[in-house]
Each structure stands twice: as C-alpha cells, then as structure tokens.
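These are the residues of each chain, in order.
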Amino acid sequence: MKVLLINPPKKNTVWVGIPEIFEKGIYLFPPLSLMYIKAFLQQNTTHKVDILDGVKEDLNYVTLEKRIRTFQPEVV
C-alpha cells in the first residue's frame with residue numbers, strides 16, 4: 001500500500017507574540033510526528049511511505065494537490 005503523510009502548507013497563518021526571528025520567516029521545524037510514523041511503518045509493515053512537507057517546499061494548495069495526484073497514494 002502507498003501511504004502519503006502530509007505536513008500542509010502554512011499559508012495565512014496568524015503569529016502573535018512570536019520572537020522577531022520567526023516573524024521574518026526564518027524558521028523550519030521538521031515534522032517529527034510524521035517522521036516517527038514513517039519510521040514505524042517502514043520497520044513494521046511493507047507499505048511504501050513518503051512525507052510531503054508543504055512548509056519546507058513552500059507549496060501552495062494547488063501544487064500540493066498535484067503532488068498528491070502524482071504520488072497516487074492509497075492512504076493520505
């Protein structure tokens with residue numbers, strides 16, 4: 001089975017009380033929870049698992065949809 005884990009794009013996010021370095025867009029937190037799930041599935045199943053990080057790749061929702069359709073997952 002093909003499984004796609006998605007960290008959706010963070011468009012139109014409201015930031016309140018965040019230090020200045022984050023306001024300038026200098027941040028990137030890896031999606032650890034998705035990475036843990038991927039590692040678990042790879043070790044315990046035969047599923048093909050991939051992560052699509054919309055934040056890291058700075059995707060919009062149209063591009064995100066195209067990438068999902070290209071991968072053709074059975075589970076998202």
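Anyway, here's the lowdown on the structure attached to this text. Nothing here was measured: the structure is a model prediction, and the numbers come from that model.

What counts and how
Residues numbered from 1 in each chain as written. Predicted model: local features only at pLDDT ≥ 70, side-chain atom pairs only at ≥ 80, totals over all residues. Heavy atoms only, no water. Helix = DSSP H or I, 4+ residues; strand = E, 2+ residues; numbered from the N terminus. Buried < 20%, exposed > 50% of the residue type's maximum accessible area, 1.4 Å probe, protein only. Contact = heavy atoms within 4.5 Å. Areas by Shrake-Rupley, 256 points an atom, 1.4 Å probe, with all protein chains shown as cover. Salt bridge = Lys/Arg side-chain N within 4 Å of Asp/Glu carboxyl O. Phe/Tyr/Trp six-rings, centres within 6.5 Å; stacked < 30°, edge-to-face > 60°. Lys NZ or Arg CZ within 6 Å of the ring centre and 35° of its normal. Polar contact = N/O pair within 3.5 Å; in protein donor to acceptor, adjacent residues only side chain to side chain.

1. A closer look at the overall build of the protein
- Scanning the protein from N- to C-terminus turns up three helices and two strands.
- The order of helices and strands in the protein, counted from the N terminus, is β-α-α-β-α.
- A buried classification covers 21% of the 76 residues belonging to the protein.
- Excluding contacts between residues fewer than 6 apart, the proportion of contacts in the protein whose partners are at least 24 apart in sequence is 74%.
- Looking at the protein as shown, the accessible area adds up to about 5,800 Å², and 57% of this sits on carbon and sulfur atoms.

2. Side note on the environment of Leu41
- Here Leu41 is to be found in helix α2 (residues 32-44).
- Beyond its immediate chain neighbours, meaning those up to four positions away, Leu41 contacts Val3 and Val49.

3. Side note on the pattern of salt bridges
- Considering all chains together, one arrives at two salt bridges under this definition.
- The closest approach of N and O atoms between Glu57 and Arg67, which form a salt bridge, is 2.4 Å. Here Arg67 lies in helix α3 (residues 61-71) and Glu57 lies in the loop between β2 (48-53) and α3, a separation of ten residues in the sequence.
- Look at Glu57 and you get partly exposed, because its relative accessible area is 35%.
- Exposure remark for Arg67: the relative accessible area of 35% places this residue in the partly exposed category.
- Between Arg69 and Glu65 there is a salt bridge, with the nearest N and O atoms lying 2.9 Å from each other. Of this pair, Arg69 and Glu65 are both found in helix α3, four residues apart, which corresponds to roughly one turn of the helix.
- Classification of Glu65 by relative accessible area gives partly exposed; the value is 40%.

4. Looking at the packing of aromatic side chains
- Applying the stated criterion across every chain yields a total of zero aromatic pairs.
- Directly above the aromatic system of Phe71 lies the positively charged group of Lys2, at a separation of 4.6 Å from the ring centroid.

5. Points about α3
- Two to three positions downstream of the cap, the backbone nitrogen of Val62 sits 3.1 Å from a side-chain oxygen, assigning the N-cap of α3 to Asn60.
- Directly after α3, the chain includes Gln72, whose backbone phi takes a positive value near 55 degrees.

6. Considerations on unusual backbone geometry
- Here Asp58, not a glycine, exhibits a phi torsion of approximately 50 degrees, which is positive.
- With respect to the secondary-structure elements, Asp58 resides in the loop between β2 and α3.
- With a relative accessible area of 57%, Asp58 lands in the exposed category.

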